[in-house]
Each structure stands twice: as C-alpha cells, then as structure tokens.
Amino acid sequence: MEKNDNIFVGLDIGTTKVCAIVAEAKNDSLEIIGVGTSSSTGLKNGVVVNIENTVESIIKAVEDAELMAGYQIQSAIVGIAGSHIRGFSSRGIVAVKSREVAQQDIDRVLSAAKTMSIPMDHEVIHVIPQGFAVDEQDEIKNPIGMSGLRLEASVHIVTASSIAAQNIVKCVNKAGIDVSEIVLEQIASSEAVLTEDEKELGVALIDIGGGTTDIAIFYGGNIAHTFVIPKGGQSVTGDVSKGTTTIPQEAEKIKIRFGIAKESLAGKDEIIEIPGFGGRPPRPISRQLLGNIIEQRMAEIFTWIRKNIEKNGLESKILSGYVITGGAALIDGGAELASEIFNAPVRIGFPLNVGGLTDVISSPMYSTAVGLVKYAYKNGNEKSRKYYSSKKGENLITAIKNWFSDIIDYFF
Ligand SMILES: Nc1ncnc2c1ncn2[C@@H]1O[C@H](COP(=O)(O)OP(=O)(O)OP(=O)(O)O)[C@@H](O)[C@H]1O
Ligand SMILES: [Mg+2]
C-alpha cells in the first residue's frame, strides 16, 4: 500500500456511474489490477450538481478499486464532460530563439496559441498540436532541430467552465484524492478504443453515455475537432418512460432488455409485456412501438452529430468511419442506424490493448475509465498539473510558480 510510480489511476465520474480503475505498468504494457464502480446520482448531463452525492459515489468506487488492487489511491487522472466544454482551433507564432527549434520554442508557441480567445470564466484543459510550420515549410509533425526564424503552431484548444472543473476537483479532493490531471472524456475514450491507423486515416469517436454524447474527430494522427451533445441514454429512457407510460426505473429495464434502435428489427406481431404500476396488471405493447421511440431519439443524436461535422467541413476527412462507444452504444441496431445516418461504416468500440482484469472492463461503458489510465501511462503521471491538490494552499503557490516561470521564459 505505498506510492508506486508504475501505478496509474483513472476516475470516470459519469452521469450514471462512477468508475475507478487502477492499472500497473509491467514490461511495457498496462495491466488493470483494480476496478470499482458505483452508481452516480450527483451529476446532470455530465456536470456535478450535487457535491455530497458525488463525493459519496467517488469514495465507494475508489474503495472497491483499492481493495481489488491492494493499493491505496493518492491521486487520479479525472475525466470531464458537459455542454460547457468548448473545442476550437487556434494558431500561435513565435520567433525561434537560437535559429534552431528547441523544446522551449515549442512550449512558447503552444503557450502563445493558448492566449487567444479563451471564453470568459473558462480554463484551458487541452492544447493539442495539430501541426507546425517553420518559416515557409508547413505540415511538420515534430519541428525539433529544424533551422528557421519563425515557428508557427496550429492547435486544437479545449476549454471547460472553471466552475464545472473546480466542482469536479472539489469532489475528488473531498474524497481524499489529488487530481493529477483533468482530461476530456472523449479524448480518454479514444485512447481506449481507437487504433493508430484509424486516427491516421480519419475517424470519429462517439461516446454515448447516460447524460452526454461526446465526440472527437481525428485525422493525420491528431485530434481535429471535439464537441459535446447534452443528450444520451437517459434521454432515451425518458422517452421510453413517457411513450409507454412507465416509471423511469422500469423504462430503463425495458430498454435494456427489449430495446432496439431500429423499429424494423422487430417483427410486426412482436409483443412485449411491460409491468403495470400502482397495482395495475402488466400491459402488452408492440416491440415495434418501443423501437420507434428509441430510433427517433438515437436518430436525433446522430443527425445532430452529422450536422456539426458537416458545418465544420470534416465529413470527407473521416475515411475509416465512425466508432460508437459508451453504455448506450450497446443497444441492438445502434451501429446500423448510425451507419445509415452517417452513410459510412460504424463499429462498436470496446476497450483495447490492456491486460489484467480484461473481462471486468470489456464493455463500452468502461472506455473512458480505461482510456484515462492509458492516457496517464502514455503521458506520464508526473507531467500532470500539480495544482489540482487536495492539500489546502498548494494550489495558489503552484499557480504562482507556474506563472513566474512562464514570464521568465517569455522575456529571456
Ligand atoms: N444494453 C444496453 N442497451 C441500451 N442502453 C444501455 C445498455 N447498457 C447500458 N445502457 C445505457 O448506457 C447509459 C450509461 O452509459 P455510460 O456508463 O457510458 O454513461 P456514464 O459514463 O455514466 O454517463 P456520461 O458519460 O454521459 O456522463 C445508460 O443510459 C444506460 O441506459
Ligand atoms: Mg461516460
């Protein structure tokens, strides 16, 4: 139960469940050694609305993961989602200090790109380089060592509402855990389910959770676009509840047991029995009707995504197709419906390339949590932003230190 640099912890605070995963790096691969899940009641559409409930869910998931792993969790990399998230492209330009591009120039140009047009009351979560140009030569992936006078970077910037981010950090800290880094949930999920070839060729990752649907688009190996839709499996359940006059808990069960995302998948005469409430007897309904209700909502979500992709001129870049993941991707016929709407191949994304307790996490529901540990493993625990600490006072001191080192870097 001591600190171990080979251990990586991911905490996915979702709208329907909280999941903590402990993974250990062993011989160049990542093995999952602990998983804890608890139901989540403190979030709405991906955003914390009740601190106490969220803290309780985190403590429960963390305790279970700790017990399974035999490891006491001190810090975790945590996911963020919600419709407050903004993703946009930006550019930065700097003079190359010693006429040969060094890491320091890259840090400065990314920092310059970050200063542009950040929405009020937002903080930057990611600055993702998409490509560099040195003088007149562009489309450079790694400019280190190149000669030139001017370095330009195009980046994708992701920002989040500072309040929403602070509330996540507050909940995790109240559960006694430091936040090493905050990562956009679909960026994490894409680490778990996409292949490098798909990212190179062009792919859209769609994580359909309970409260939000989170999208990340990649091509040329980099993230080109991200956005969030504040609808997911809970909206589908809500529609089933209204459309069949059942309470939401029953509607959820009916959806999971009989749900189909395409009305045409049910036979014409297929009847299912739904429990009556308040002492009433069970009622028969047509499975096609259930399919119709679900299809309408799922089609709305996919069409919303298609329009956003078209608006950004990206449909021709998605050459390897679409990958749907998240719990709501499990619905029968979901991939077929998506394929019709996107007019492209669609597959369901399960967490890939991890060892250990693979049978426990082998569901699209665990893509974000598995992706968080993979992200931490790839980028290193220590690269993380240390100011998300549960220890009072450290936040401000580290923030001031970072600010000074930025200023010194800029002037000298
Ligand atoms: N077999 C299934 N068929 C249809 N829907 C399913 C199935 N299994 C789970 N779901 C739905 O998946 C949703 C939960 O997915 P997930 O665990 O990915 O969400 P979350 O991470 O808690 O939420 P979010 O990411 O939106 O904050 C629920 O709405 C649930 O009804
Ligand atoms: Mg989720």
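Higher on the page you've got the structure.
It should be emphasised that the depicted structure is a prediction, and the values quoted were computed from it without experimental measurement.

1. Some details on the side chain of Asn-308
- Note on placement: Asn-308 falls in helix H8 (residues 287-311).
- Setting aside chain neighbours within four positions, we find Asn-308 in contact with His-225 and Phe-227.

2. So, unusual backbone geometry
- Positive phi, close to 55°, is recorded for Glu-139, a residue that is not glycine.
- Its relative accessible area of 74% is what places Glu-139 among the exposed residues.

3. Structural notes on the environment of Ser-339
- Looking at where Ser-339 falls in the secondary structure, it is placed in helix H9 (residues 334-342).
- Ser-339 sits in the partly exposed class, given a relative accessible area of 26%.
- Separated by 108 residues in sequence, Ser-339 and Lys-231 have C-alpha atoms that sit 19 Å apart.

4. Observations concerning the site of ligand 1
- In the neighbourhood of ligand 1, 20 residues make up the surrounding shell, with Thr-15, Thr-16, Gly-211, Glu-252 and Lys-255 lying closest.
- Contact between ligand 1 and Lys-17: an oxygen atom at 3.0 Å from a side-chain N or O atom of the residue.
- Here an oxygen atom of ligand 1 sits 2.8 Å away from a polar atom, N or O, in the main chain of Gly-211.
- Contact with the protein chains removes 92% of the 660 Å² of surface that ligand 1 exposes when unbound.
- Using a 2 Å cut-off from the grid points, one finds that ligand 1 occupies the second largest pocket.
- Looking at the shell around ligand 1, the elements that each hand over two or more residues are helix H6 (233-244) and helix H7 (248-258).
- The element contributing the most residues to the shell around ligand 1 is H7, with three residues.

5. Considerations on the pattern of salt bridges
- Evaluation of the coordinates by the stated rule reveals 18 salt bridges.
- Across the pair Glu-196 and Lys-199 runs a salt bridge, and its minimum N-O distance is 3.6 Å. Of this pair, Glu-196 and Lys-199 are both found in helix H5 (residues 196-201), three residues apart, which corresponds to roughly one turn of the helix.
- Lys-199 sits in the buried class, given a relative accessible area of 4%.
- A cluster of three or more residues bridged by salt bridges with shared partners is formed by Glu-24, Lys-26 and Glu-31.

6. As for the packing of helix H1 (residues 51-69) against helix H3 (residues 162-174)
- Close contact between H1 and H3 brings their axes to 8 Å; oriented N to C, the two are set at 50°. Of the possible angle classes, the one that applies to H1 and H3 is oblique. In terms of crossing hand, the pair formed by H1 and H3 is right-handed. Between H1 and H3, the contacting residues are Ile-51, Thr-54, Val-55 and Ile-58 on the first element and Asn-167, Lys-170, Cys-171, Val-172 and Lys-174 on the second.

7. Concerning the packing of aromatic side chains
- Overall, the coordinates contain three aromatic pairs when judged by the stated rule.
- For the pair Phe-8 and Tyr-377, a centre-to-centre distance of 5.6 Å together with 75° between the ring planes defines the contact as edge-to-face. A residue pair is termed long-range when its members are at least 10 positions apart, and Phe-8 in strand E1 (residues 7-13) and Tyr-377 in helix H11 (residues 367-379) qualify at 369 residues.
- A centroid spacing of 5.7 Å and a plane angle of 70° characterise the contact between Phe-302 and Phe-342, whose relative ring orientation is edge-to-face. Placement of the pair is Phe-302 in helix H8 and Phe-342 in helix H9, with a sequence separation of 40 residues.

Basis of the calculations
- Residues numbered from 1 in each chain as written.
- Chains lettered and ligands numbered in written order.
- Predicted model: local features only at pLDDT ≥ 70, side-chain atom pairs only at ≥ 80, totals over all residues.
- Heavy atoms only, no water.
- Helix = DSSP H or I, 4+ residues; strand = E, 2+ residues; numbered from the N terminus.
- Contact = heavy atoms within 4.5 Å.
- Buried < 20%, exposed > 50% of the residue type's maximum accessible area, 1.4 Å probe, protein only.
- Near = heavy atom within 4 Å.
- Polar contact = N/O pair within 3.5 Å; in protein donor to acceptor, adjacent residues only side chain to side chain.
- Areas by Shrake-Rupley, 256 points an atom, 1.4 Å probe, with all protein chains shown as cover.
- 1 Å grid on protein atoms, 1.4 Å probe; cavity = no way out; pocket = protein on both sides within 12 Å on 5 of 7 lines; lining within 4 Å.
- Sits in = over half its atoms within 2 Å of the grid points.
- Salt bridge = Lys/Arg side-chain N within 4 Å of Asp/Glu carboxyl O.
- Axes fitted to C-alpha atoms, helices over the stretch in contact; angles between N-to-C directions.
- Parallel < 35°, antiparallel > 145°, perpendicular 65-115°, else oblique.
- Left-handed = near helix turned anticlockwise from the far one by under 90°.
- Phe/Tyr/Trp six-rings, centres within 6.5 Å; stacked < 30°, edge-to-face > 60°.

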